[in-house]
Amino acid sequence: MKSRFRLAATAAAVSLAAFGAVGVSTSPAAAATATCYGYTGNFNDYGADFVDWQYGPDECFGVAPSGTIWHTWSGAGSWKEMPGGGRGLAVVGYFESSAGKAVKVITEAGNYYCNYDDYATNTWGGWYGTNTDHC
């Protein structure tokens, strides 16, 4: 299950008790601050998503104002930049099978890119373009 948090610039703070470990608030500049698993990061006004993966550990994802793509999970120690140097506007999709999981972003130009994590190696493979509804 994915939960998306779209934030208004006037929002002071949102408690997400259903997830227990996720909270989101905004600054006066409309950038979002997200806290997931106790780790706080700064994101663009699309905020952060909590993903309840079926086969792998749950994670949170977001895009920073610079366009860099970040994620965190329980025990990560902090928010981590996604491998492969990808840039995006927003994370728009999450896909999973028993073999792995994928994250899909859209760029400001309207192009879609995915990054796939193989559960057998626990390795993100890097960003690749896609024209399909999934990764």
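Residues numbered from 1 in each chain as written. Predicted model: local features only at pLDDT ≥ 70, side-chain atom pairs only at ≥ 80, totals over all residues. Heavy atoms only, no water.

Q: Which parts of the structure should I look at to understand the pairing of strand E11 (residues 100–106)?
A: On a regular strand, each side chain points to the face opposite its neighbour's, so the side chains alternate between the two faces of the sheet. Burial of E11 is extensive: seven of the seven residues sit out of reach of the surface. Covered by surrounding structure in E11 are Gly100, Ala102, Lys104 and Ile106 together with Lys101, Val103 and Val105, the residues of both alternating faces. Across seven bridges, the pairing between strand E10 (residues 90–97) and E11 is antiparallel. Bridge pairing in E11 places Val91 opposite Val105. Once E10 ends, the chain turns through two residues before running back antiparallel as E11. Two successive antiparallel strands, E11 and strand E12 (residues 112–118), enclose a turn made up of five residues, where Gly110 displays a positive phi of approximately 90 degrees. (Buried < 20%, exposed > 50% of the residue type's maximum accessible area, 1.4 Å probe, protein only. Helix = DSSP H or I, 4+ residues; strand = E, 2+ residues; numbered from the N terminus. Pairing = 2+ DSSP bridges.)

Q: I tried to follow the confidence of the model for the protein chain on my own but got confused; where do I start?
A: Detailed reading of the predicted model is not advised wherever pLDDT is low. Averaged over all residues, the pLDDT of the protein chain equals 82, while 78% of them reach at least 70. When the criterion is pLDDT under 50, residues 1–30 qualifies, and its contacts beyond four places in sequence or with other chains add up to 66 contacts. (pLDDT = per-residue confidence, 0-100. Contact = heavy atoms within 4.5 Å.)

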